[in-house]
Amino acid sequence: MTYQEVLENARGAMGPYCKSCPTCNGLACKNTVPGPGAKGIGTGFIRNYQKWQELCVNMDTICENKPVDTSYDFFGKRVDLPVFAAPVGAMTLHYGDKYDDPTYNDILVAACAQAGIAAFTGDGVNPAVMEGAVAAMAKNNGCGVPTVKPWNMELIEQKMALVNTADPIAIAMDIDAAGLPFLKNMQPPAGSKTVAELKQITAWAKKPFILKGIMTVAGAKKALEAGASGIVVSNHGGRVLDQCPATAEVLPAIVDAVGGKMAIFVDGGIRTGMDVFKALALGADAVLIGRPFVNMVYGGGAEGVKVYVEKLKAELSDTMAMCGAHTLADINRSMLFGF
Ligand SMILES: Cc1cc2nc3c(=O)[nH]c(=O)nc-3n(C[C@H](O)[C@H](O)[C@H](O)COP(=O)(O)O)c2cc1C
């Protein structure tokens, strides 16, 4: 299957909201939540996508002619690409009846491991969601990152004990999830956490702990103080708070503040290997991609994921070669026009 064929297969199989567009840029789904859109007026997703497109790369091929290496050391696990599938949950609510969360995660975790990367998985009010994700990771040598929601401390402790049994590469928390419309007024409650609480959560996670949903320098510094090993600069794809800046806009200042002290990941509107290159040039260590992986699973299962990962790798390799970068460590801001 080609990438286009996977997208076409997905069209019509993704519930009433996702159109499986040729370019997943937030225009067709805009403010559809439930659905894959964004909160409020719906520009958060569109802006994320747009800001990567506004960056241009500097071509320079006067350098040694040798193969490029796109591999990345993810907390001791070498992956083929600095790209991870982002956690996506509440599948039937947002994407119709084809897959529930456990089925989606089961396909995605195995497919990403086989394709040489790793998947983050989401959490849900239903305990079966995290249990299924943990089972999927356990079957795949812990190749994945369970992402626990910021429930009350009692439930977080239980969830941490559960996710530790999968021996995952790392454990994440989407600290911004309290803004999700469908989590409002639900039991158990989910909400903000203090640095002191996050220190306790970091200790419960026996693996590198990643805080997802950081959009300010102050937030990044608090994550560092709490003992997190990494952050995901993310606005949840525009789904938790309207009128945020794009992740590409806030990334450089966050890198300047905490880069080198913790791993910095970024997501939101990253679609191609070219976009991955731009994120790394701004200083990210690696990226997460959300919605397009859903299209790949719905349109082609494990093969769809493989096709997309190969496409990303070819695009990233080509961009690196044309900008004179042979390893990920060679990529820097001078490779972006105007920086
Ligand atoms: C339908 C949907 C469900 C999501 N569910 C979760 C989730 O359960 N946990 C989480 O941390 N992020 C969740 N996200 C956010 C993604 O992990 C990611 O931050 C965002 O989608 C990245 O932007 P992109 O989709 O434009 O690549 C969800 C996103 C979508 C579109």
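Remember, predicted model here, so these are calculated numbers, not experimental data.

J.: Tell me about helix α10 (residues 273-281), residues and numbers included.
T.: Among the nine residues that make up α10, eight are buried, leaving the element largely enclosed by the rest of the structure. Regarding α10, the residues found buried are Gly273, Asp275, Val276, Phe277, Lys278, Ala279, Leu280 and Ala281. Contacts made by the buried residues of α10 are with α2 (43-54), β3 (83-85), α9 (247-258), β9 (263-267), β10 (286-289) and α11 (291-323). Positive phi shows up at Gly283, right after α10, with a value of about 120 degrees.

J.: Help me get a handle on the side chain of Asn25, residues and values and all.
T.: Within the secondary structure, Asn25 sits in the loop between α1 (3-10) and α2. Residue Asn25 is classed as buried on the basis of its relative accessible area of 15%. Of note is the side chain of Asn25, whose polar atom sits 3.1 Å from the backbone nitrogen of Leu27. Setting aside residues up to four positions removed in sequence, Asn25 forms contacts with Phe45, Ile46 and Tyr49.

J.: A description of the sheet that holds strand β5 (residues 144-148) should follow, citing residues and the corresponding values.
T.: The sheet built from eight strands closes into a barrel, its strands ordered β3-β4-β5-β6-β7-β8-β9-β10 with parallel pairing. This sheet shows a mean twist of 25 degrees between the axes of neighbouring strands, independent of strand direction. Where β3 meets strand β4 (residues 118-121), two bridges bridge the pair, whose relative direction is parallel. Across the sheet, the residue bridging to Ala85 is Ala119, located in β4. This element, helix α5 (residues 127-139), spans β4 and β5 of the sheet and lies at about 165 degrees to β5. Strands β7 (209-214) and β8 (230-233) of the sheet are contacted by helix α8 (residues 217-225), whose axis makes an angle of about 165 degrees with β7.

J.: Go over the site of the ligand, please, and point to the residues and values.
T.: The environment of the ligand is formed by 23 residues, the closest being Pro87, Asp267, Arg271, Gly290 and Arg291. One nitrogen or oxygen atom from the main chain of Gly89 is found 3.0 Å from a nitrogen atom belonging to the ligand. Gly290 is positioned with one of its backbone polar atoms (N or O) 2.9 Å from an oxygen atom of the ligand. When atoms are counted within 2 Å of each cavity's grid points, the one that captures over half of the ligand is the largest pocket. Looking at the shell around the ligand residue by residue, the classes come out as six nonpolar, 10 polar and seven charged.

J.: Describe empty space enclosed by the protein, with residues and values.
T.: Under the counting rule described, the total for this entry stands at one cavity of 30 Å³ or more. Approximately 120 Å³ is the volume attributed to the largest cavity. As for the largest cavity, its lining consists of 17 residues, of which Cys18, Cys21, Cys24, Cys29 and Pro36 are closest to the centre.

J.: Please provide a residue-by-residue account of helix α6 (residues 153-164), values included.
T.: Taking 1.5 Å of rise per residue, the 12 residues of α6 would be expected to cover 16 Å, and the 16 Å separating its terminal C-alpha atoms lies within 8% of that figure. Buried within α6 we find Leu155, Ile156, Lys159, Met160 and Val163. Buried residues in α6, looked at end-on, bunch into an arc of 140 degrees, giving them a common side. Buried residues along α6 sit against α5, β5, β6 (171-174), α7 (195-204) and β7.

J.: If you had to explain the packing of aromatic side chains to someone new, which residues and values would you point to?
T.: Think of a pair of aromatic rings as described by two things: how far the centres are apart, and how the planes are tilted against each other in angle. Under the criterion given, the structure shown has 14 aromatic pairs. Seen in terms of ring centroids, Phe74 and Phe75 are 5.3 Å apart; in terms of plane orientation they differ by 45 degrees. Their pairing is tilted. Residue classification places Phe75 among the partly exposed residues on the basis of a relative accessible area of 30%. By way of ring pairs, the aromatic residues Tyr72, Phe74, Phe75, Phe84, Phe120 and Phe265 are connected into one cluster. The side chain of Arg291 reaches across the aromatic face of Phe45, ending 3.6 Å from its centre. Over the face of the ring belonging to Tyr3 we find Lys311, whose NZ or CZ atom lies 4.5 Å from the ring centre.

J.: Could you give an account of the pairing of β8, naming the residues involved and the relevant values?
T.: Side chains of β8 alternate between two faces, with Gly230 and Val232 and Ile231 and Val233 buried alike. Here β7 runs beside β8; their pairing, made up of four bridges, is parallel. Of the residues in β8, the one forming a bridge with Ile210 is Gly230. Between β7 and its parallel partner β8, the chain crosses via α8, and the hand of that crossover is right-handed. Bridging between β8 and β9 involves four bridges; their strand directions are parallel. Following the sheet pairing, Ile231 is matched in β9 by Ile264.

J.: Explain the layout of surface pockets to me, and be specific about the residues and the numbers.
T.: Volume-wise, the largest pocket comes out at about 670 Å³. Taken together, 42 residues line the largest pocket, and the ones lying closest to its centre are Pro87, Val88, Gly89, Ala90 and His94. Of all the secondary-structure elements, those providing two or more residues to the lining of the largest pocket are α3 (91-95), α4 (101-114), α5 and β10. Counting residues per element, the lining of the largest pocket draws most heavily on α3, which supplies four residues. In terms of residue class, the lining of the largest pocket is built from 18 nonpolar, 14 polar and 10 charged. One number sums up the size of the second largest pocket: a volume of about 540 Å³. Looking at the lining of the second largest pocket, the elements that each hand over two or more residues are α7, β7 and α8. Partitioning the lining of the second largest pocket into residue classes produces 11 nonpolar, eight polar and three charged.

Calculation criteria
- Residues numbered from 1 in each chain as written.
- Predicted model: local features only at pLDDT ≥ 70, side-chain atom pairs only at ≥ 80, totals over all residues.
- Heavy atoms only, no water.
- Buried < 20%, exposed > 50% of the residue type's maximum accessible area, 1.4 Å probe, protein only.
- Helix = DSSP H or I, 4+ residues; strand = E, 2+ residues; numbered from the N terminus.
- Contact = heavy atoms within 4.5 Å.
- Polar contact = N/O pair within 3.5 Å; in protein donor to acceptor, adjacent residues only side chain to side chain.
- Pairing = 2+ DSSP bridges.
- Axes fitted to C-alpha atoms, helices over the stretch in contact; angles between N-to-C directions.
- Near = heavy atom within 4 Å.
- 1 Å grid on protein atoms, 1.4 Å probe; cavity = no way out; pocket = protein on both sides within 12 Å on 5 of 7 lines; lining within 4 Å.
- Sits in = over half its atoms within 2 Å of the grid points.
- Nonpolar A, V, L, I, M, F, W, Y, C, P; charged D, E, K, R; others polar.
- Points joined across faces, edges and corners; volume = space filled by probe spheres on them.
- Expected span 1.5 Å × (residues − 1).
- Arc of directions from axis to C-beta.
- Phe/Tyr/Trp six-rings, centres within 6.5 Å; stacked < 30°, edge-to-face > 60°.
- Lys NZ or Arg CZ within 6 Å of the ring centre and 35° of its normal.
- Right-handed = clockwise from strand over helix to strand, strands pointing away.

Honestly, that's just the spatial picture; any functional story needs more than this.
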